[in-house]
Amino acid sequence: MASTFRQYWDLTKPRVVALIVFTAIVGMFLAIDGLPDGAELLRGALGFLGIWLAASSAAAINQLLDARIDAKMARTSWRPLVQGQVKPWQALVFALVLAALSMTLLVLWVNTITAILTFASLIGYAVVYTVFLKRATPQNIVIGGIAGAAPPLLGWATMTGMQGEWDWPHALLLVLIIFVWTPPHFWALAIFRREDYARALVPMLPVTHGVTYTRWQILFYTVLLVEVTVLPVVFGMSGFFYLGGALVLGAVFLWYAWRLLDPPDDFFPMRVFNYSIVYLMALFAFLLVDHWAMPMLRPAAAASGIEFVPAG
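To start, this report covers the structure provided alongside it. (Residues numbered from 1 in each chain as written. Predicted model: local features only at pLDDT ≥ 70, side-chain atom pairs only at ≥ 80, totals over all residues. Heavy atoms only, no water.)

### Digging into the pattern of salt bridges
Rules: Salt bridges are identified by distance alone: a Lys or Arg side-chain nitrogen within 4 Å of an Asp or Glu carboxyl oxygen. Counting from the N terminus, the helices are the DSSP runs of H or I reaching at least four residues and the strands are the DSSP runs of E reaching at least two. Burial classes: relative accessible area under 20% of the type maximum marks a residue as buried, over 50% as exposed, and values in between as partly exposed (1.4 Å probe, protein chains only).
All told, the structure shown has six salt bridges when counted by the stated rule. Note that R6 and D10 form a salt bridge whose closest N and O atoms lie 3.0 Å from each other. Here the residue R6 and the residue D10 both occupy positions in helix α1 (residues 2–11), the gap between them amounting to four residues, near one helical turn. Salt-bridge contacts for R79 lead to D70; the nearest nitrogen and oxygen are separated by 3.1 Å. The same class applies to R79 and to D70, which are both buried. Several salt bridges converge on common partners, so that one network encompasses D66, K134 and R135.

### Here we look at the packing of helix α7 (residues 112–136) against helix α9 (residues 151–160)
Here is the rule: Simply put, an axis is a line fit to the C-alpha atoms, just over the touching stretch for a helix, and the angle between two N-to-C directions goes from 0 to 180 degrees. For this classification, under 35 degrees means roughly parallel, over 145 means roughly antiparallel, 65 to 115 means roughly perpendicular, and everything else is oblique. A crossing counts as left-handed when the near helix is turned anticlockwise from the far one by less than a right angle, and as right-handed when that turn is clockwise. Any pair of residues with heavy atoms lying within 4.5 Å of one another is described as a contacting pair. Here the term charged refers only to Asp, Glu, Lys and Arg, the term nonpolar to Ala, Val, Leu, Ile, Met, Phe, Trp, Tyr, Cys and Pro, and the term polar to all other amino acids, Gly among them.
Contact pair α7 / α9: the axes reach a minimum separation of 8 Å and the direction vectors enclose 165 degrees. Considering the angle they form, α7 stands roughly antiparallel to α9. Crossing angle aside, the handedness with which α7 passes α9 is left-handed. Contacts from I113, T114, L117 and T118 of α7 reach α9 at L153, L154, A157 and T158. Taken together, the residues that form the contact of α7 with α9 break down as five nonpolar, three polar and no charged.

### Examining the nonpolar core
Basically, it comes down to this: The criterion is simple. A nonpolar core is a set of buried Ala, Val, Leu, Ile, Met, Phe, Trp, Tyr and Cys residues joined through side-chain atoms within 4.5 Å.
Counting residues in hydrophobic clusters, the biggest one holds 73 residues, and the most contacted among them are W156, W181, Y279 and F284. Here this core takes 14 residues from helix α10 (residues 167–192), the largest share from any one element. The contacts of F284, once residues within four sequence positions are left out, are F22, T23, V26, P152, L174, I177 and I178. Membership of the second largest hydrophobic core comes to 12 residues, among which are L11, A58, A99 and A126.

Treat this as a map of the structure, not an account of what it does.
Encoded structure:
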């Protein structure tokens, strides 16, 4: 029983989904002023469950459709479908059940707009990216990153239904941060695993354009990312506590990206990849702490002539 549970659990890509739902949770809390009350906590918990189920479903569908590719790559050759521990029809039924539970929960107990956005994100990753973009263009992770960047929007929609004046601009700003973060994050991994992707005939950027070109693209996107992460302050969504954290985290990311141009060893791209995960989690944590600290920061900001627009 434990072995069977682990096989299905592995189908959901739990570590990837954990990062997804974390950014969704932060989106939930940023959408409301102050600490959540009991009703908001319940709605947030239901939204979290629905988003988690949908992300897990998308991960299972991704593995089902990518089983042939996964079998050719050392990084993914252990997966349950590749090893024959789970049959394709079992994975399909499992994914569909998760998706049905997610949509039912979100429609009945959260709100329709969250269900629609979550379903669109599921299809974007599980079908559009996996079936078409991944095999069609070296810009696959850039274009497909739109679906992967959606979780903060889903979390925000959970709490507000996207009815407020600033809901869409602020939520989409969070989406933009993850969208720009995705290429340097994933291309660092792709450099390290480029032989895997070449063997599987997946046109990742290091395979089609070479490692040197990809390294420069990582640096370019990292510079762009640092600029984008300042926008929450520019648009009054966050304050100086977040800004300080974002700049420090960004400076370290820039150092990694610059060092990657002439790395000290072959494993350095994985250190960049690992830092990018820590970076995103810490960045969103700074967003959340700053949001709760805003009432204390507003008087000082007002004295400096800076006006904050409420995010909720």
